[in-house]
Amino acid sequence: MYLHTPIHTLPGVGATRKAAYNRMGIFTAEDLLYHFPRAYEHRGDVHMLAEADDPALRASRVATILTVSTEPRVSRVKGRMTLCKFRAFDDSGTCEITFFNQDYLRNTFAIGSTFRFFGKVEANGKGRYTMTSPAYEPYVEGRSLPPLFPVYPLTDGISNKMITGHVAACLSLASTVEDDLPEDIRAAEHLCTVGYALREIHTPTDFQSLHTAKRRLAFDEFFRFALGMGTVGRSARITGAPVCRVSDHELDAFLAALPYRLTGAQARALSDIRRDLESDTAMNRMLVGDVGCGKTVCAAAAMYMAVRAGRQAALMAPTGILASQHAADLLPIFASLGIRGALLTGHTPAAQKKKIYAALASPVPAERLDVIIGTQALLSEGVAFASPGLVVTDEQHRFGVNQRATLSEKNGNAHLLVMSATPIPRTLALVMYGDLDVSRIDEMPPGRQRVDTFVVDESYRARLDAFIRKNVAEGGQVYVVCPAVEETAESDTDAGEDKSLLPLGADFAEGPTAPSDPPLKAAVQYAAELQSRLPDLTVAFVHGKMKPAEKDRVMTDFAAGKIQVLVSTTVIEVGVNVPNACLMLVENAERFGLSQLHQLRGRVGRGTRRSYCVLLRAGGGETAKARLEVMRTTYDGYRIAEQDLAQRGPGDFLAPAAGVGIRQSGGFRLAETWSDAELMNHAFLHARELLADDPTLAAHPGLRAEVERMYSQAGNILN
């Protein structure tokens, strides 16, 4: 067997299982080695049978070491179903163990033999217990069994037992995987070999070895991502972009059309943008700042400069309702200055789309659209620009590398400006957006009020209902954010998940800590309960699983004041501007990152009403309490982002920023869950140093191939 051995040559893998493996992106033995467990069963934490009465263990599977005391007997029930039963014991009691349709086990459990069983123990009183279909391993006194058992991501047709066996068959190949990381970097960072890491990630000897393996594999992902971003940035610095130069008089005309004056931070950002536009090197700039800081005005000024220079400008937003809001705000200003614009979304009628396509591509300047604002509809095949000059993407973290690249390709060598309302620490900005210059707007416009923030627990429930009613009675509107969609939706709440599982993303350097997470509040049920408690109010809900048209309708009704209380998941993190919204209530606030909470808080306080953000903590212990105290006392988005990075690591930032191409090609398996930001910083430092000496990775062909694979869906970036 070799690394490139096809998956279908493994024992028991026929056409059906081959197709199932292929659906998971597994085609070869090497792919299987890089299909990491999603969690681990902690079978090393052994309990006595009597401990099954402990409330903390009742809902979980546990490990027990039992000696078989009776001969297994097989009986037939209900047609073809058979039961194999026997008894086993420890010093605290006796357990009846049952297996379904596994007659062959009668020859496995001999009287007097000892096994480690792993399953749910049910107490029946008087020292008697039962287990059904537990996992089992022979136990020999003095010989340790592995404490952690891998649990893999699966698909229909592939069981965990099956994939565990196939991984075991391939594990000897781990030592043949070429270690592409330069030895000097591996030594400097005290990293294990890739072969050791691959063995231990699948069959960890103990918690420390698993941590060591995860650290090496996470470093590799950061390092390759950094190399890719570095080469994207190098290739993006192309010359030949249109020079979009305007006079001070022309720019003053645009600024005079605004209903307000720019802040100092906006003026500085606009100066950066103007300098880029007046160069023939394509601008690659990110404009970052809190919700409501005035990024869109700076983008509009850039679009105006491009149009005045004889070029076209495009602005792409992640949702139809946000694109429509931008169009409603900006197109009238552009029209007053003689600039023709249009809105293009998935809901635009076909006949109107046809007219827009023709106007964008028209070779006659007098018939041409100057500005287009839209959603991913701007990426449609029919969209072509006659004279592209500037591309703007809003809420950058909602778009991946591919989408940015596709829109840029449609616009030739056009300048690129991306906006993000997630304040990002400077070091992390270099990591996530190595191909972009960064302008920070760290000043809020005059009149933007501070949102009073409170942290409360469940005992405040009645007072919260009264506070919702009070704010609505005074004419305001309310957001309630829940972390889940529905209580019965496993994809949201992991309903039915064994709480004894240790997730791959947890830090096991010093062993696990028992989770004590409270149930997640769910938007659908919460809205119904709130409506029953407050029947005189108009309550609605919105979440990401709704059809776009339905979601947009609810958001539009809320913006129009037809809905008084909107219960939502974090889909409203990027939403409409509702100046009348004055109260934000976040359920299970301990489950959110600080930067995400800051984003949500930015949805209120956008009008003249005094506004509030109430963070309802349902658990999480002292750590969660300390984190939420940062939110209560801090309003600077950049300070909050620094705290988030220090406390939670880069995962929350990286997950949305990685880009579709990287995510789908399997580039991030561990980096998103890694909690040590220092490892990420070191990886990017080494990547920058390596690219300075070898810009095309010609001297590192293995690394080059891995980076190209990681960015495969974004095209060849190492030309």
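To start, this report covers the structure provided alongside it. (Residues numbered from 1 in each chain as written. Predicted model: local features only at pLDDT ≥ 70, side-chain atom pairs only at ≥ 80, totals over all residues. Heavy atoms only, no water.)

### What about the sheet that holds strand 22 (residues 565-568)?
- Read from one edge of the open sheet, six strands run 18-24-23-19-22-21, paired in parallel fashion. Edge positions in the open sheet fall to strand 18 (452-456) and strand 21 (539-542), since each of these has one partner strand only. Taking the axes of each pair of neighbouring strands and ignoring which way they run, one obtains an average angle of 20° across the sheet.
- Of the pairings in the sheet, the one linking strand 19 (residues 477-481) to strand 23 (residues 581-586) comprises five bridges and is parallel in character. Across the sheet, the residue bridging to Gln477 is Ala581, located in strand 23.
- Together, strand 18 and strand 24 (612-616) form the strand contacts of helix 19 (residues 621-633), whose direction differs from that of strand 18 by roughly 160°. (Pairing = 2+ DSSP bridges. Helix = DSSP H or I, 4+ residues; strand = E, 2+ residues; numbered from the N terminus. Axes fitted to C-alpha atoms, helices over the stretch in contact; angles between N-to-C directions. Contact = heavy atoms within 4.5 Å.)

### Some points on the packing of helix 14 (residues 461-473) against helix 16 (residues 523-533)
- Interaxial distance between helix 14 and helix 16 falls to 11 Å at its minimum, and their mutual angle equals 75°. For the element pair helix 14 / helix 16, the angle class is roughly perpendicular. Counted together, Arg461, Asp465, Ile468 and Arg469 of helix 14 and Tyr526, Leu530 and Arg533 of helix 16 form the full contact between these two elements.
- Partitioned by chemical class, the residues of the contact of helix 14 with helix 16 number three nonpolar, no polar and four charged. (Parallel < 35°, antiparallel > 145°, perpendicular 65-115°, else oblique. Nonpolar A, V, L, I, M, F, W, Y, C, P; charged D, E, K, R; others polar.)

### What about the sheet that holds strand 1 (residues 39-42)?
- One open sheet holds the three strands; their spatial order is 10-1-20, and the pairing between them is antiparallel. The outermost strands of the open sheet, each flanked by one partner alone, are strand 10 (148-151) and strand 20 (501-503). For this sheet the average axis-to-axis angle between neighbouring strands, irrespective of direction, equals 35°.
- By the bridge criterion, four bridges tie strand 1 to strand 10 in an arrangement that is antiparallel. Counterpart to Ala39 in the pairing with strand 10 is Val151.

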